[in-house]
Amino acid sequence: MSANTTPHRPVMDSRHGDCKDRQTSTTIMAENDTLECVTEHERILQEIESTDTACVGPTLRSIYDDQPNAHKRFMEKLDARIRNHDREIEKMCNFHHQGFVDAITELLKVRADSEKLMGQVTDTNRRLQHAGREVTSQTDEVIHCRLQQRNMVTTVEKLQLCLPVLEMYSKLKEQLESKRHYAALKTMEQLEKVYIPRVSQYRFCQIMAENLPRLREEIKEISMSDLKDFLESIRKHSDKVGEMAMRQAQKHRTFNSALTKQACLGHYTKPVYSVIGPTHAHIHNALMRDDDDVDDEDEDGTEEEADEEILMAHDLVDFSPVYRCLHIYTVLGNRETFENYYRKQRKKQARLVLQPQGNMHETVEGYTRYFNQIVGFFVVEDHILHATRGLVTRPFTDELWNMALSKIIAVLRTHSSYCDDPDLVLDLKNLIVIFADTLQGYGFPVNRLFDLLFEVRDQYNETLLKKWSLVFREIFELDNYSPIPVETEEEYKLVISRFPFHDAEIEKQDFPKKLPMSQSVPQIYTQVKEFIYASLKFSESLHRSSTEIDDMLRKSTNLLLTRTLNSCLQNHIKKPHIGLTELVQIIINTTHLEQACRYLEDFITNITNVSPETVHTTRLYGLSTFKDARHAAEGEIYTKLNQKIDEFIQLADYDWNMAESDGRASGYLMDLINFLRSTFQVFTHLPGKVAQTACMSACKHLSTSLMQMLLDTELKQISMGAIQQFNLDVIQCELFASSEPVPGFQGDTLQMAFIDLRQLLDLFLVWDWSTYLADYGQPTSKYLRVSPATALALLEKMKDTSKKNNIFSQFRKNERDKQKLIETVVKQLRSLVNLMSS
C-alpha cells in the first residue's frame, strides 16, 4: 500500500501547489528575460496554464496562425517549460518525503486499532440486527397496513365519486330499455355536464363519454322510427277520427235545427247546451261517439250521459311518439330538422289523402270515406297545432288547407259530373255541408265549399231533370188521352185534390161525368210539385235566405217546365203512333196545365214565405211553355191531317182517257170527306180557332193535292171525260166546304180554298179561251186564279189526247177547227208564259 501511495502524494501535493509554482516560475522567467516584454510564446503558455482546458482550443489555434516555424519554436519553448516544472516537482517531493514516511508509519499503527474497532462494530451490528429483526418485521407490517388503509381511503373516496356516475349510467340503460328516451337524454346531459367531469381521468368514464354520442344517435333513430310508425298509424285512423268529428258536427247541426224549430213554434225555453255550430272547443276536445255508442244511446239521455261517451282525439290516436320525438330533437338541438321532416311527411300524406278512388262517384260510401280521411287529417293537424308549440304553425295548416281545398273542389267537380242519381247528389251535398261545418268549427275557411255547392246544385238539378224526364215520358206513354171519367163524388174530390180544376158547368152536372183533361194532367201537376220538393231538399242547410231559396226553386221549376216537360211533350207529339184524337187531347191538356201554373207559384210562395210581389221574384214560364207545346201539337195536327189526306188521295184511280164521266164522285173522295167530317166534329173541343185553322189547312192541302194530280208531269194525256169526272169530285169538296164542317167561318171563306181548281176546270169545261185571253191580267177577270203556265200544261195533255183518239177526225171540219183553235191557244199561252218569265 505504501508503494502505491508514495508516488501519488507528491503529485497530489504538486497539484495543490500548482498555482504558486506557476507564479514563482513566471516571476523567475520574467526576471531572466531582462524586463523585455513577454514574447508571444510565453503569452500563449501563460494562457494555457491559466485558462480552462475547454477554452485552450482558440489559444492553440493561434500558434498555427503565426509566423512559419512558430510551431517548432513553441514546442521547444514548451519542452523547456516542462523540464522546468519537473525540476520544481522533484524539489518539492524531496522536501516533503520525510513527512510522508512518518505519516505512513502512523497509519500502520492505527491499522491494528481500526481492525479491532471493525470487529466490535460488526459484532454490535450483528446483535442490533438480530434484536431489531422483529421490530423491523412489525414495522413493515405497520407500514403495509398503513399503506392499505391509505389505499382503502383513497379507493372509497374514488368510489364515492364513481358510484354516482355508474348509477346514472345504469339508470340510463334502464331508461333506454324501457324506451324512456326523453328521460335518457336528460340523464345523458347530467352525466356529461356533472358526473363524468368529476372522474374523467378513469378509462371507463372515457368509454362512457365516447359512447354517449352513439346512444344519442340511437335515440334519434328510434324516435324517428316511432314517428314513422305514428305517421303510418295515423293514416289508418284518420278516417275514424274524421268520422267521429263529422258525426259530432252533424249532431250539433241537428240540435241547432231542432232549437230553431222550437223557437219558431214558440216552445223554446232553455237549451240543454248552447251550440251555435260545431265550435272549435267542442270538436277539438271531444269527438263524436262510435257507431255502436250512437245506436245504443237512449233518446232521453241527459247531457252528462252523452258527455261521458264522447271520445277525444287522443283516445283514438296515440300522439306520444310525436311529443317524444319533438322533445328529443329539441334537446339534441335538431328541432328545426324534425319540424321540416314532419311537415314534409304530412304534406305527402295530405296529397295521398286527397287522392280519390276511381269509382268514388258510384256510391255515397266512397264520398264518405274520402271526406272522413280529409277531416281526420286536419283534426290531427289541429290537435298537433294546439298540443305542441311550433311543430305545426297556423300558416302551415292554412297552406295545407288551401292546397287541400283546391284539390277537393277539383275532385268533387269532376266526380259529381259523373253522378246521374239525384239521391246520390243530394247525399253528396249533405256530406259537403257536414264536411264544411266540421272544418269550419276547427277554424278553416270553407266559403269556397259553399260556392261549390251552387255548382253541385246545378248538377243536382240536371239529374232531377233527367229523372223527371223519364217520369214525364212514362206518364205520356201510359196516358189513354181520353177525358177523365168520374163516377162518384169521392172520385171527383180525389182528382180535385191532385189537380186544381174548377168548372162551374161541370160541377153542376150529375154523376157520372167527364173532366175535359186526361189522366196525365193531374199526374204531371203532382210530379211538378214533387220536383219542387226534391229541389227544396238541396237548399236546406245552405245558410241561404228565403229569397234566395225562392229564386232557386223558381228557376229550377222553370227549367223543368221549359226544357224537360216541353221537350218531352214535343217529342211525344211527334211520335208516329200519336193520332189526331191524341193531339186534340194534348192541346186540351196543355191548356189546363197552363192555367195551373199560378197554383204552382202559390205553392212555392207557401213553401218559402216570399211574396210573389217581390221585385226580384222570378215568374214561372208555364204560359210560354205550354203555349209552345200547344202550337207544336196544332202544327202536328195539321201535318197529320195532310198526311191522312195524302193517304186517301193515293187511293185515287182515275181513268184519264175516259170518254165520259161516271156521273158521280169518286169513292176515295167521298171516304175522305166523311173522314174529315168526323174529325172536325172532334175538333169542336179545341180551344180558340184551332179547329177552323185545321179545317182551312185541310181544305187547302186537298185543293193543292188535286191540282198537283192534274198537273203531274208523269200524266201525259187527259180526256175531257176525265176532266168532267174530276169536276164532280171538286164539286163534292166545294159542297163539303159550304156545309160549314167547323163553325166560325164567314161566308164562303172555306170554299175559297178550291177557287183555283174551280176556275181552271170551268175554263176547260166551258172552253172559254177567248174570254180568258181577252181578260188576262185584268183584276176583274173571270179566270183570275188560272195562270198561263197551268192552263198550258193541262191544254198540252188534252192536245195529245185529241191527236191520239181522233186520227180520222181531221177529216171532219169541226174537229179540224177545234184542233186549230187548240194550237192557236197553245201559242198564245206560250207567249204569255215567255212574257212572264222574261
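One can find the structure itself at the top, above this paragraph.
Numbering of residues starts from 1 in each chain and follows the order in which that chain's sequence is written. It should be noted that, the model being predicted, local features are given only for residues of pLDDT at least 70 and side-chain atom pairs only at 80 or more, the latter also being counted only at that level, while totals for whole chains, interfaces and linings use all residues. Only hydrogens and water are set aside when side-chain values are computed; all heavy atoms of the structure are taken into account.

Peer 1: Now, about the overall build of the protein chain: what can you tell me, with residues and values included?
Peer 2: Looking only at helices and strands, the protein chain has 31 helices and two strands in total. Only protein chains enter the area calculation, which uses a 1.4 Å probe; residues under 20% of their type maximum are buried, those over 50% are exposed, and those in between are partly exposed. Counting only residues that meet the buried cut, the protein chain has 41% of its 838 residues in that class. Residues count as neighbours in contact if any of their non-hydrogen atoms are within 4.5 Å of one another. Of the contacts formed within the protein chain by residues at least 6 apart in sequence, a portion of 78% connects residues at least 24 apart. Working definition: helices are DSSP H or I runs of at least four residues, strands are E runs of at least two. Numbering for both runs from the N terminus.

Peer 1: Any details on the state of the cysteines? Residues and values, ideally.
Peer 2: Any pair of cysteine sulfurs within 2.5 Å is marked as a disulfide. Across all of its chains, the model carries zero disulfides by this definition. Between Cys-205, a cysteine without a disulfide, and Cys-162, which holds the nearest cysteine sulfur, the sulfur-to-sulfur distance is 5.5 Å.

Peer 1: An account of the packing of helix 15 (residues 364-387) against helix 17 (residues 422-441) is needed here, citing residue identities and associated values.
Peer 2: For every element, the axis is a line fit to its C-alpha atoms; helices are fit only across the contacting stretch, and the angle between N-to-C directions ranges from 0 to 180 degrees. At a minimum axis separation of 10 Å, helix 15 and helix 17 run at an interaxial angle of 10 degrees. Between helix 15 and helix 17, the angle falls in the class roughly parallel. In this structure, helix 15 uses Val-364, Tyr-367, Thr-368, Phe-371, Ile-374, Val-375 and Phe-378 to contact helix 17, whose residues at the interface are Leu-424, Asp-427, Leu-428, Leu-431, Ile-432, Phe-435, Thr-438 and Leu-439. Classifying every residue of the contact of helix 15 with helix 17 by side-chain character gives twelve nonpolar, two polar and one charged. When describing relative orientation, an angle under 35 degrees is termed roughly parallel and one over 145 degrees roughly antiparallel, while 65 to 115 degrees is termed roughly perpendicular and anything else oblique. Gly is placed with the polar residues, together with every amino acid not listed as nonpolar (Ala, Val, Leu, Ile, Met, Phe, Trp, Tyr, Cys and Pro) or charged (Asp, Glu, Lys and Arg).

Peer 1: Now, about the side chain of Arg-346: what can you tell me, with residues and values included?
Peer 2: Residue placement: Arg-346 occurs in helix 14 (residues 335-353). Residue classification places Arg-346 among the buried positions, given a relative accessible area of 1%.

Peer 1: Can you break down the packing of aromatic side chains residue by residue, with the values?
Peer 2: We call Phe, Tyr and Trp rings a pair once their centres come within 6.5 Å, taking the six-membered ring for Trp, and we label the pair stacked below 30 degrees between planes, edge-to-face above 60, and tilted otherwise. Going through the model one piece at a time under the given rule, you end up with 28 aromatic pairs. With centroids separated by 5.1 Å and ring planes inclined at 80 degrees, the aromatic side chains of Phe-377 and Phe-378 adopt a geometry described as edge-to-face. The same class applies to Phe-377 as to Phe-378, namely buried. Their ring planes at 40 degrees and their centres at 6.1 Å tell us that Trp-656 and Phe-726 sit as a pair that is tilted. Of this pair, Trp-656 sits in the loop between helix 24 (622-649) and helix 25 (667-682) while Phe-726 sits in helix 27 (residues 720-738); the two residues are 70 residues apart in sequence, bridging distant segments of the chain.

Peer 1: Hey, could you go over the nonpolar core for me, with residue numbers and the actual values?
Peer 2: Side chains of a nonpolar character, in soluble globular proteins, are inclined to be buried together. To define a nonpolar core, start from buried Ala, Val, Leu, Ile, Met, Phe, Trp, Tyr and Cys residues and group those joined through side-chain atoms within 4.5 Å. Judged by nonpolar contacts, the single largest core of 198 residues is most densely connected at Trp-401 and Ile-637. Here this core takes 13 residues from helix 8 (residues 203-265), the largest share from any one element. Sequence-distant contacts of Trp-401, defined by excluding residues within four places in its chain, comprise Phe-378, Ile-408, Phe-435, Leu-439, Phe-444, Pro-445, Val-446 and Leu-449.

Peer 1: Give a description of the pattern of salt bridges that names residues and reports values.
Peer 2: Salt bridge, as used here, is a side-chain nitrogen of Lys or Arg placed within 4 Å of a carboxyl oxygen of Asp or Glu. The full count for this structure, using the stated rule, is 24 salt bridges. Between Arg-343 and Glu-339 there is a salt bridge, and its shortest N-O distance comes to 4.0 Å. On the criterion of helical spacing, the pair formed by Arg-343 and Glu-339 is a turn pair, its members being four residues apart in helix 14. Of the two residues, Arg-343 and Glu-339, both sit in the buried class.

Peer 1: How would you summarise helix 25 if you had to cite specific residues and measurements?
Peer 2: For helix 25, with 16 residues, the first-to-last C-alpha span of 23 Å sits near the 22 Å given by 1.5 Å per residue. Those residues of helix 25 that sit buried are Tyr-668, Leu-669, Leu-672, Ile-673, Phe-675, Leu-676, Thr-679 and Phe-680. In an axial view of helix 25, the angular spread of the buried residues amounts to 160 degrees, which keeps them on one side of the axis. What a helix is expected to span follows from its residue count: subtract one and scale by 1.5 Å. Directions from the helix axis toward the C-beta atoms define the arc.

Peer 1: Let's hear about the side chain of Ser-535: which residues, and what values?
Peer 2: Looking at the secondary structure, you find Ser-535 in helix 21 (residues 520-539). What Ser-535 contacts, discounting residues up to four positions off in sequence, is Tyr-460, Asn-461, Leu-464, Leu-553 and Ser-556.

Peer 1: Residues and numbers for a nonpolar patch on the surface, please.
Peer 2: A residue counts toward a patch only above 30% relative accessible area and without a salt bridge, and it is joined to like-charged neighbours within 9 Å or, for Val, Leu, Ile, Met, Phe, Trp and Tyr, to nonpolar neighbours within 5 Å. Values of accessible area rely on a 1.4 Å probe in the Shrake-Rupley scheme; residue burial ignores everything except the protein chains shown. On the surface, Leu-159, Leu-163 and Leu-166 cluster together to form a nonpolar patch covering roughly 250 Å² of accessible area. As for its placement among the helices and strands, Leu-159 is situated in helix 6 (residues 70-177).

Peer 1: Tell me about a negative patch on the surface, residues and numbers included.
Peer 2: Lys and Arg are tallied as positive, Asp and Glu as negative. Neither His nor the chain termini are counted. A single reference atom marks each charge: NZ on Lys, CZ on Arg, CG on Asp, CD on Glu. A contiguous patch of negative charge, built from Glu-365, Asp-420, Asp-421, Asp-423 and Asp-427, is present on the exposed surface. Tracing the backbone through its elements, the reader meets Glu-365 in helix 15.

Peer 1: Got a sec to walk through the packing of helix 22 (residues 546-573) against helix 23 (residues 580-608)? Specific residues and values, please.
Peer 2: One can describe the packing of helix 22 onto helix 23 by two numbers: an axis separation of 11 Å at closest approach and a directional angle of 170 degrees. Classified by the interaxial angle, the pair formed by helix 22 and helix 23 is roughly antiparallel. Residue-level contacts link Ser-546, Ile-549, Asp-550, Leu-553, Arg-554, Thr-557, Leu-569, His-572 and Ile-573 of helix 22 to Leu-583, Ile-586, Thr-590, Glu-601, Ile-604, Thr-605, Ile-607 and Thr-608 of helix 23. Looking at the contact of helix 22 with helix 23 residue by residue, the class counts come to eight nonpolar, six polar and three charged.

Peer 1: An account of the environment of Asn-571 is requested, with residue identities and associated values reported.
Peer 2: Inspection of the secondary structure assignment puts Asn-571 in helix 22. In this structure the C-alpha to C-alpha distance between Asn-571 and Ala-629, which are 58 residues apart in sequence, comes to 9.9 Å.

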